[in-house]
Amino acid sequence: MVDAVIGPEPVPPAEVAEVELYHPHSWITRYVFSQDAKVIAIQYSLTAMAIGLVALVLSWLMRWQLAFPGTLSFIDPSQYLQYITMHGMIMVVYLLTALFLGGFGNYLIPLMLGARDMAFPYLNMLSYWIYLLAVLVLVSSFFVPGGPTGAGWTLYPPQAILQGTPGYEMGIILMLTSLIIFIIGFTMGGLNYVVTVLQGRARGMTLMRMPLTVWGIFTATVLALLAFPALFVGAVMMLFDRVLGTSFFMPSLVSMGEQLQYGGGSPILFQHLFWFFGHPEVYIVALPAFGIVSDLISTHARRNIFGYRMMVWAIVAIGVLSFVVWAHHMYVSGMNPWFGFFFATTTLIIAIPTAIKVYNWVLTLWRGDIHLTIPMLFALAFIVTFVNGGLTGLFLGNVVVDVPLSDTMFVVAHFHMVMGVAPIFVIFGALYHWYPKVTGRMLNEGLGQLHFWITFLGAYAIFFPMHYLGLLGVPRRYHEMGSTSFVPESAQSLNVFITVAALIVGAVQLVFLFNLIWSLRYGRESGGNPWRATTLEWQTPETPPPHGNWGKELPVVYRWAYDYNVPGAKEDFLPQNRPPETSPA
Amino acid sequence: MPIALALVLIAVGSTLFHTLSPWWWTPIASNWGYIDNTLIITFWITGTAFVAVVLFMAYCVYRFRHGGPEQPHYEPENKRLEWTLTIATAIGVAAMLAPGLFVWHQFVTVPDEATDVEIVARQWSWSFRLPGKDGRLGTSDVRNISAENPLGLNPRDPLGQDDVVIETGDLHLQIDKPVKILLRSTDVLHNFYVPEFRGKMDMVPGSVTYFWLTPTRTGTFDILCAELCGVGHPQMRGAVVVADEAAYQTWLGEQRTFAELSGMTKIMKANFMPAEK
């Protein structure tokens, strides 16, 4: 059975040595309007990190307001709502989705599969520039009258487009427009990733030999292609409600004492559309992280990933199930409460394939040869925070337990832990891991240790205690608690603690940024395969790989991606393109 | 091995924080103690899983460290182990889901003897309506809303004339009497949230949502809005007073019906406003 996955089998030599590629002729076509997936990946990553920094600063301002209300005079209730909205949307869509799929997807899919480039390089280039446009439209909302929308990242109507909500004048229009543009750009990139995975693999690279990184990114892309259209139509319909006066989501209502002309629409319809996108979105972020972290753990623990086939099927099962759990975000939305039975059951079932993944990561560590490199440390931190956030998901998924916790800080703590902190740890681990391939130099180890320890312990100190504020009953999206009979004074000291931790963790990210820039010039030279890894991207003839990746000969794949410490082998790893020593007859 | 230590610290520290920290839910004031129990079961199961996984990781990181005593072992799969863990997980999940769904069934099944109480939200205040002697609420529509009729009751509906309308003021409930909370919003989404009741539900303009509860403890409790409703969201406060029967009846006797209130507005208009054409 196992041999079917890893065993050597005869592979015919490549028949086409060099595929005709468009080769750039000028600096502009090489580095700006580039069709090289690797350059596009870097463009995506830098843009995502730049906009992510904006979201990071917004989180500082929010945390400052919560700990020391009123001390920064420019933060008023409207500003606070604008911060939470922009922070959430930027982090989820413009940073995490773009970085995992546009960044890591573009860089790793062709290299890991032994392809020269994406299937449609021109479309790929277009995808990035449209993404950049979406980011610029989003940023422009900071500079229009009324500022960006403050409707919360979920943008629930009717309030999103009515007065009483900041940014209802222009901000919401720009937000919806930006999302529409983003989805158009993403669809171009996404189709590309899917076609490349299905059609562009090197000889011998069967689907069941693909590294889990590719499985994660591939499945996430399929999810995104199916889920984003729901957000797309939701955004278009709300834009019509706001601009043309249609009533898709608007019942008849009285706003600020005035009878409006709307009537007959359904606010809950928007929530269904939003979460039909929004829940798969969690896995659009999580599945690439699952895949990447599997490869980090296997490589740095010098051990085969445990239960590869189970891991693949778990990714696929999670992907499928993620489309039938969306209304667990809506248990107290006023939808028919009988839906709760169905969605609680599907939601808790999804815990099983997810738990299998956790067991297999931990069992990969078990009986390994663990090198505590920075990528490995971040992978361990990922498991801790992901398990923590996943388990609190069992509270919120179990319909009746969700009722008291819904819309409280417990939810904020949960989703930050599970889809904020955990995937970002994977991003950090992955950047430390692949930086040498991208630049030819290692990131500085000492700065990396500093970055890791403060980020890991600090992020846990921010979000673990935050659950208990929610348990206490503190609602989310309050810029200050005000006086209540049930929140004790001491809760404010917890808020101060969380804020101090958040400011420190935020500041240490600047150390990481410095490391990224400094090591470009002064980092230790890495050579082509500093981690002695098996996957194809480490076997390129040149590092960083040039346009076309492979020189004259495409690689041929003979084995799965996890041949570490194979009994009888001379070295502790066997690259995927290493032919078997004794060829079977 | 700082990382192994850090992992142990996280497992132990989280457990200590959970047991020793002063931050815990507010004492319950409704019949939904079952929800608290399900939460406790969930804490035990998930807490055990968390501590087990993190401590096992710490053990692995220490025992199988590079340069340590153990040799790495090549083992792509272990069907028996994988299936054992899968089944154990499924059992743990079922142990949380089953009581959860059992309690949810109670939560969505409103008892026949529950009396209606209507809560109306608008940016950013709460109003309340109780059925009059007929025990039934009259119909309402957002299009009826005016300065004199802020809840939009149907002035031609005889059932609504004796409804008790509390426009500013606290909601009073009688202890140990189940109530069906009918929720209505006239503008945007809101959420009726009383932490001590544990129940919570969004209020959606254009429809009437509901849940039910039985107050079990007298006292005055905060009403908060738990669904983002614009800049005034955190300030949207009210109070619900749970009282014994005598105090409740006294309070009820002091309240005005819809007919009385609209009559009063007519009298006020006649006395103080210029005559209408």
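Residues numbered from 1 in each chain as written. Chains lettered and ligands numbered in written order. Predicted model: local features only at pLDDT ≥ 70, side-chain atom pairs only at ≥ 80, totals over all residues.

Helices and strands together make up the secondary structure of chain B, namely 5 helices and 10 strands. Whereas a compact globule of 277 residues would reach a radius of gyration of roughly 19 Å, chain B reaches 27 Å, over 25% beyond that. Dimensions along the principal axes, computed over C-alpha positions, put chain B at roughly 100 × 40 × 35 Å. Residue pairs in contact within chain B that sit at least 24 positions apart in sequence constitute 70% of those at least 6 positions apart. (Helix = DSSP H or I, 4+ residues; strand = E, 2+ residues; numbered from the N terminus. Rg over C-alpha atoms; globule rule 2.2 N^0.38 Å. Contact = placed C-beta atoms within 7 Å.)

Residue and element names in this part refer to chain B. Pairing within the open sheet is mixed, and its 5 strands lie in the order S4-S10-S9-S6-S7. What marks the edges here is a single partner per strand, and that holds for strand S4 (171-174) and strand S7 (200-203). Strand-to-strand twist in this sheet, taken as the mean axis angle between neighbours without regard to direction, amounts to 25°. Here strand S9 (residues 219-225) pairs with strand S10 (residues 238-243) via 5 bridges, running antiparallel. When the sheet's bridge partners are listed, Ile-223 is paired in S10 with Gly-238. Along the sheet, helix H4 (residues 245-253) contacts S4 and S10; its crossing angle with S4, the most-contacted strand, is approximately 140°. (Pairing = 2+ DSSP bridges. Axes fitted to C-alpha atoms, helices over the stretch in contact; angles between N-to-C directions.)

Here the focus is the confidence of the model for chain A. Looking at chain A, the pLDDT average stands at 93 and 96% of residues meet or exceed 70. Ranking the elements of chain A by mean pLDDT puts helix H1 (residues 2-6) of chain A last with 45 and helix H7 (residues 212-243) of chain A first with 97. (pLDDT = per-residue confidence, 0-100.)

Before going further, it helps to examine the nonpolar core. Core analysis: the biggest nonpolar cluster contains 278 residues, and Val362(A), Ile383(A) and Met57(B) have the highest contact counts within it. By residue number, the principal contributor to this core is helix H4 (residues 77-113) of chain A, which donates 24 residues. A domain split of this core shows at least three residues from each of domain 1 (2-69 + 77-108) and domain 2 (115-272) of chain B. Not counting chain neighbours up to four residues away, the residues in contact with Ile383(A) comprise Val358(A), Trp361(A), Val362(A) and Met57(B). (Core = buried A, V, L, I, M, F, W, Y, C linked by C-beta atoms within 7 Å. Buried ≥ 20, exposed ≤ 12 C-beta atoms within 10 Å, placed from the backbone. Domains from an automatic or database assignment.)

Looking now at helix H14 (residues 409-439) of chain A. Residue and element names in this part refer to chain A. At His-433, H14 shows its strongest bend, of approximately 40°, with the proline Pro-436 following within four residues. In terms of residue burial, H14 counts as a mostly covered element, since 28 of its 31 residues are buried. Gly-440 occupies a position one or two residues after H14 and carries a positive phi of about 85°. (Bend = angle between axes of the 7 residues up to and from the residue.)

On to the pairing of strand S1 (residues 115-122) of chain B, then. All names here are of chain B. Counting buried positions over the 8 residues of S1 gives 6, a clear majority of the element. Of the strand pairs in this sheet, S1 and strand S5 (residues 179-185) are connected by 7 bridges, and their pairing is parallel. Bridging across to S5, Val-117 finds its partner in Ile-181. Sheet topology note: the S1/strand S2 (residues 125-130) ladder contains 5 bridges and is antiparallel. Across the sheet, the residue bridging to Ala-121 is Trp-126, located in S2. Count of turn residues in the S1/S2 antiparallel hairpin: 2 residues.

Here we take up the packing of H7(A) against helix H9 (residues 308-321) of chain A. All names here are of chain A. Two elements in contact, H7 and H9, have axes whose closest approach is 10 Å; the angle formed by their N-to-C orientations is 15°. Taken together, the axis directions place H7 and H9 in an arrangement best described as roughly parallel. Helix-helix and strand crossings are classified by hand; for H7 and H9 the assignment is right-handed. Together, Leu-212, Trp-215, Gly-216, Thr-219, Val-222 and Leu-223 of H7 and Met-311, Val-312, Ile-315, Val-316 and Gly-319 of H9 make up the contact between the two elements. Taken together, the residues of the contact of H7 with H9 sort by class into 8 nonpolar, 3 polar and no charged. (Parallel < 35°, antiparallel > 145°, perpendicular 65-115°, else oblique. Left-handed = near helix turned anticlockwise from the far one by under 90°. Nonpolar A, V, L, I, M, F, W, Y, C, P; charged D, E, K, R; others polar.)

Every contact between the two is made by 81 residues of chain B and, on the other side, 98 residues of chain A. Sorting elements by how many residues they give to the side of chain B that touches chain A places helix H3 (residues 79-108) of chain B first, with 14 residues.

Turning our eyes to something else, we now look at the sheet that holds strand S8 (residues 209-213) of chain B. Residues and elements named next belong to chain B. An order of S3-S2-S1-S5-S8 is seen for the 5 strands of this open sheet, with the pairing classed as mixed. The sheet is open, and its two edges are formed by strand S3 (164-166) and S8, each paired on a single side. The average angle at which neighbouring strand axes cross in this sheet is 20°, direction not considered. Bridge count for S5 against S8 is 5 bridges, and the pairing is antiparallel.

To continue, consider the environment of Ile223(B). All names here are of chain B. Looking at the secondary structure, you find Ile-223 in strand S9. Classification of Ile-223 by C-beta neighbours within 10 Å gives buried; the count is 21. Sequence-distant contacts of Ile-223, that is, excluding residues within four places in its chain, are made with Trp-126, Phe-192, Val-194, Arg-237, Gly-238, Ala-239 and Val-240.

Further remarks concern the pairing of S4(B). Residue and element names in this part refer to chain B. On S4, burial covers both faces: Leu-171 and Leu-173 on one face and His-172 and Gln-174 on the other are all buried. In this structure, S4 lies alongside S10, joined through 4 bridges in parallel fashion. Across the sheet, the residue bridging to His-172 is Val-241, located in S10.

This part is about the packing of H4(A) against helix H8 (residues 267-300) of chain A. Residue and element names in this part refer to chain A. In contact at an axis separation of 10 Å, H4 and H8 are set at 40° when each is read in the N-to-C sense. For the element pair H4 / H8, the angle class is oblique. As for how H4 packs across H8, the hand of that crossing is left-handed. On the side of H4, the interface is formed by Val-92, Leu-96, Thr-97, Phe-100, Leu-101 and Phe-104, while H8 contributes Glu-281, Ile-284, Val-285, Pro-288 and Ile-292. Grouping the constituent residues of the contact of H4 with H8 by class yields 9 nonpolar, 1 polar and 1 charged.

The next point concerns the domain arrangement of chain B. All names here are of chain B. Looking at the assigned domains, one finds that chain B contains domain 1 (2-69 + 77-108) and domain 2 (115-272). Taking the mean C-alpha position of each, domain 1 and domain 2 sit 41 Å from one another. Taken residue by residue, the interface counts 9 residues in domain 1 and 14 residues in domain 2. Class assignment of the residues belonging to the side of domain 1 that touches domain 2 gives a composition of 6 nonpolar, 3 polar and no charged.

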